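Okay, here's what each chain looks like letter by letter:
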Amino acid sequence: MSFELYLTQWQLEVDGAGFQTHSSSLLPVRHQGRPALLKLPHAHAVEERQAAQLMVWWHGQGAAEVYAFEQASGAIVLERLSSEPSLKAMALSGRDDEATRILCRAAAKLHNKAAHDLPPLFSLERWFRALGPMAARYGGILREGASVAERLLTDQRDVVVLHGDLHHENLLWSEQRGWLAIDPKGLYGERSYDYANMLRDPDFELAAQPRRFARQSWLIAQEAGIEHRRLLEWTLALTCLSAAWYLEEDDPSRDRDKDLILAHLAAIELENIG
């Protein structure tokens, strides 16, 4: 897809240099005088197309506003948000708990939208389908995570539309509207799942500190109003799933060991709380 087509179609003004991610081409623009971002998903990026439809569905409730959208291509013009202040920088500079509370409030705002006229979403059962085969092949903590995931998936509670990847760098600042989410995966399932990702961030060095991991798990459970044990179980399942994806892709540049370390931390905390 070409930027030029959509610049003309939606009367956009270029407002910066374009850039690429693994799944999209992006260009800073202005839409009716407002700072915006033109995002064109690559042809293979099914997740990006579903994410765009979810952003439309949220209609700016806790998420960046959508100014224009083309369903056939997945092309979208989004409210452009600021990377400053940064939740990651906040967490790494002694305000870790404050950043976590902001993330929890953001998740609650997204989850609170009534689930009517839903866009296409991935069920958590489908999302986790890679874990079982990889657990059977490699065993160890992956097998434990797969067992926990199977139990959770058959007994989901408080089922809502999920962001699916809510972490410190997917929440950006708007002077007018506060903290807003970007880049969802577009999942549907138990709301506790969305909080598990927070324990993997803002970076591995901080997330892998055992005392910090334990403290943040209690804080998240309290702020989100979810069961502490269940949060840890979803964290164990999620980190094992992430490691399974890397094993499935057989990509030596991806470090699955980080997820496995976090999975062990979750397992240890589960043992500690009995």
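Here's a quick rundown of the structure. (Residues numbered from 1 in each chain as written. Predicted model: local features only at pLDDT ≥ 70, side-chain atom pairs only at ≥ 80, totals over all residues. Heavy atoms only, no water.)

### Let's talk about the packing of helix α7 (residues 141-153) against helix α11 (residues 228-249)
Thought 1: Where α7 contacts α11, the axes come no closer than 8 Å and their chain directions differ by 125 degrees. Between α7 and α11, the angle falls in the class oblique. Considering how the two elements wind past one another, α7 and α11 form a crossing that is left-handed. Contacts between α7 and α11 pair I141, L142, E144, G145, V148, A149, R151, L152 and L153 from the former with R230, E233, W234, L236, A237, C240, A243, A244 and L247 from the latter.
Thought 2: Partitioning the contact of α7 with α11 into residue classes produces 13 nonpolar, one polar and four charged. (Axes fitted to C-alpha atoms, helices over the stretch in contact; angles between N-to-C directions. Helix = DSSP H or I, 4+ residues; strand = E, 2+ residues; numbered from the N terminus. Parallel < 35°, antiparallel > 145°, perpendicular 65-115°, else oblique. Left-handed = near helix turned anticlockwise from the far one by under 90°. Contact = heavy atoms within 4.5 Å. Nonpolar A, V, L, I, M, F, W, Y, C, P; charged D, E, K, R; others polar.)

### Re the packing of helix α6 (residues 131-138) against α7
Thought 1: The N-to-C vectors of α6 and α7 enclose an angle of 145 degrees; their axes lie 8 Å apart at closest approach. By crossing handedness, the relation of α6 to α7 is classed as left-handed. Contacts from L131, M134, A135, A136 and Y138 of α6 reach α7 at L142, R143, G145, A146 and A149.
Thought 2: Residues belonging to the contact of α6 with α7 are distributed by class as follows: eight nonpolar, one polar and one charged.

### Quick look at helix α4 (residues 96-111)
Thought 1: Between its first and last C-alpha, α4 extends 23 Å over 16 residues, near the 22 Å set by a 1.5 Å rise per residue.
Thought 2: When α4 is considered as a whole, its buried residues turn out to be D96, A99, T100, I102, L103, C104, A106, A107, L110 and H111. (Expected span 1.5 Å × (residues − 1). Buried < 20%, exposed > 50% of the residue type's maximum accessible area, 1.4 Å probe, protein only.)

### Digging into the pairing of strand β4 (residues 34-41)
Thought 1: Along β4, six of the eight residues are buried, which leaves the element largely enclosed by surrounding structure.
Thought 2: For strand β3 (residues 24-31) and β4, the ladder comprises eight bridges, and the chain directions are antiparallel. Directly across from R30, in β4, lies its bridge partner P35.
Thought 3: Bridge count for β4 against strand β6 (residues 76-79) is four bridges, and the pairing is antiparallel. Bridging from a neighbouring strand, A36 pairs with E79 of β6. (Pairing = 2+ DSSP bridges.)

### Quick look at the sheet that holds strand β7 (residues 122-123)
Thought 1: Sheet architecture is open: three strands sit in the order β7-β11-β8, paired in mixed fashion. With one partner strand each, in any of the chains shown, β7 and β8 (159-162) form the two edges of the open sheet.
Thought 2: Pairing of β7 with strand β11 (residues 187-190) involves two bridges; the strand directions are parallel. Along β11, the bridge assignment pairs S123 with Y188.

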